[in-house]
Amino acid sequence: MLRKSVGQLSKAAGRRAFSSTEASGLKITSLDDGRAVSEVSLIVKGGSRYSQVPGTAHLLEKFAFRDTAPRSALRLTRESELLGGQFGTQLGREKLVLTTKFLREDLPYFVEALSNVAKHTQYKAYEFAEEILPLAQAEAKKAAGNSQAVAIDAVHGAAFRNGLGTPLLVTPGVNVSLAEVKAFGEQVYSEGNLEIVARGVIEGDLKSLVADNFAGLRAGSVQSAATKTYAGESRIASASPEQVVTFGFAAQPTPAFAALAHLLSSRSVKWSPGAGALDAVASKHGVSVIVANHAYSDASLLTVSISGPSAAAVKSASVEAAAVIKALGSSVEPDAAKRAVAKAKFSAAEALFAPAAAAVDESAVTAAAKKVFSSKPAVAVVGQTFALPYADELF
Amino acid sequence: MSTYTQLEAISKFILSKPMLKSVFVPASRVFVNLGGYRKMGLKTQDLFWEENEVMQTALRRLPAEDSYKRVYRIATAFQASLTQQLLPKDQWIKPEEDTDYLIPYLLEAEAQIKEREELDNIVVKPRSL
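Residues numbered from 1 in each chain as written. Chains lettered and ligands numbered in written order. Predicted model: local features only at pLDDT ≥ 70, side-chain atom pairs only at ≥ 80, totals over all residues. Heavy atoms only, no water.

Caption draft 1: Layout of the side chain of A:S80. All names here are of chain A. Take S80: it is sitting in helix α3 (residues 73–83). Here the side chain of S80 touches L76 through a polar contact of 2.7 Å, landing on its backbone oxygen. Other than its neighbours up to four places away in sequence, S80 contacts G85, F87, Y109 and F110. (Helix = DSSP H or I, 4+ residues; strand = E, 2+ residues; numbered from the N terminus. Polar contact = N/O pair within 3.5 Å; in protein donor to acceptor, adjacent residues only side chain to side chain. Contact = heavy atoms within 4.5 Å.)

Caption draft 2: A look at a nonpolar patch on the surface. On the surface, a nonpolar cluster with roughly 260 Å² of combined accessible area is contributed by A:L82, B:I122 and B:V124. Within the fold, B:V124 resides in the segment after α5 (103–120). Look at B:V124 and you get partly exposed, because its relative accessible area is 47%. (Patch = residues over 30% accessible without salt bridge, like charges linked within 9 Å, V, L, I, M, F, W, Y side chains within 5 Å. Areas by Shrake-Rupley, 256 points an atom, 1.4 Å probe, with all protein chains shown as cover. Salt bridge = Lys/Arg side-chain N within 4 Å of Asp/Glu carboxyl O. Buried < 20%, exposed > 50% of the residue type's maximum accessible area, 1.4 Å probe, protein only.)

Caption draft 3: Looking closely at the pairing of strand β3 (residues 37–44) of chain A. All names here are of chain A. Burial within β3 is extensive, with six of its eight residues counted as buried. One ladder, built from eight bridges, connects β3 with strand β5 (residues 96–103); its direction is antiparallel. Considered in β5, the bridge of V40 is made with T100. Here β3 runs beside strand β6 (residues 194–199); their pairing, made up of six bridges, is antiparallel. Paired with V40 across the bridge in β6 is A198. (Pairing = 2+ DSSP bridges.)

Caption draft 4: Representation of the pairing of strand β4 (residues 86–91) of chain A. Residue and element names in this part refer to chain A. When β4 meets β5, the two strands line up antiparallel, connected through six bridges. By the bridge assignment, T89 is partnered in β5 with L98. Following β4, the chain reverses through four residues before pairing antiparallel with β5.

Okay, structure coming up:
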């Protein structure tokens with residue numbers, strides 16, 4: 001009985017739950033879940049990977065929803081408040097996401113607001129000096145105080161160098177001019193570079209609004225050299241009390257690679273120590289282990305961050321974790337592989353707009369573990385660098 | 001007091017009517033000549049009243065180069081005033097040098113303040129659902 005219902009469920013999961021179409025050269029993916037609240041995002045291929053000078057993408061992100069020719073930033077904010085809508089931005093290494101959230105009937109207003117950002121942002125000099133630059137610098141300063149974020153940024157730099165390794169945020173000492181931000185914006189907000197993802201909207205309405213508002217975009221798209229991976233090391237002295245050692249394993253973005261994160265750390269129940277290979281190491285040494293898979297279009301980076309207040313504990317935990325990871329390179333327990341596959345399946349199915357993921361089985365995970373964990377990772381160390389281990393002491 | 005936006009509209013109107021233009025433009029030349037500030041190295045827009053929000057915003061947004069030149073002109077005029085002298089004739093501001101360098105910033109600052117006031121005092125009708 002149970003088996004049958006599981007079979008029916010997986011059949012339902014195989015069905016496409018969203019639809020995709022195209023208008024004005026933009027790909028539109030939408031899902032109408034019938035809720036009263038709609039969410040429309042403009043996904044721009046314009047993350048830090050594509051910025052020639054580090055920080056350009058971050059400054060461009062801050063220029064979103066600012067003064068445009070048809071509507072000033074103040075007017076947009078006040079009108080959105082009156083309509084009960086919200087807007088926000090999120091910067092990634094590959095994508096810049098502009099999100100609007102609003103009541104269903106306000107779709108035309110917010111599609112127009114998104115198109116104004118793409119087509120009519122004014123890049124005013126005083127706005128740059130008075131608001132954009134201080135805001136971006138404050139964000140960068142805040143991120144610099146977060147050792148975990150610094151380590152993740154540094155391990156990207158060590159593993160990819162250029163492209164995906166470009167710092168995500170503005171970097172102290174690197175000045176980006178307004179002209180550079182404007183040129184980047186004009187390059188990035190172009191026809192082949194934008195995509196729309198929407199939830200809670202009627203597809204036909206959205207399509208015709210996008211066709212009207214986004215017509216006449218510049219043609220073109222940004223390019224970046226194919227990603228190369230390295231096994232570098234980055235050591236950053238920091239006064240923060242948190243000591244962090246991060247390993248970064250770079251590889252092709254395959255579903256089996258995504259499952260490796262679950263092999264290393266797998267916590268399903270709150271307060272449980274977790275069943276992954278590194279969870280036991282974490283509880284033994286009293287440190288925290290965070291495993292994350294950063295998936296990009298042509299590479300993935302599996303990061304393992306070991307952090308804690310004591311440099312000695314973090315060092316001994318890192319040495320042991322490296323040994324555990326190396327051991328996984330030679331053999332993986334069948335039970336652990338099975339668990340990782342189940343977790344990977346769940347997280348793939350949980351994603352709202354994910355395309356149907358290719359099936360992963362235990363043998364694929366074991367093969368990926370063998371390939372990835374027998375290679376040397378990039379290592380980033382943040383904190384008391386004199387007390388934290390060097391890459392050659394670990395791998 | 002009239003705003004810079006109103007002044008701009010009035011001057012545009014005058015310049016658009018040939019008859020008004022033929023009266024006001026020569027009169028303005030006489031006015032400027034009698035004012036004598038060009039002879040002390042000042043442009044017309046160096047004389048605008050500074051102690052208000054609009055002007056302070058405009059001055060802050062002025063490019064560094066223009067701002068430096070403005071301060072230099074004012075310092076020169078101050079010196080000329082102290083010594084009770086006019087500048088040598090070759091250092092007078094020529095009519096073509098007396099540009100509207102501050103007006104775009106003033107208009108923008110005024111438009112922003114006006115928009116904020118409008119939005120602060122907006123009356124919203126509840127929409128019928």
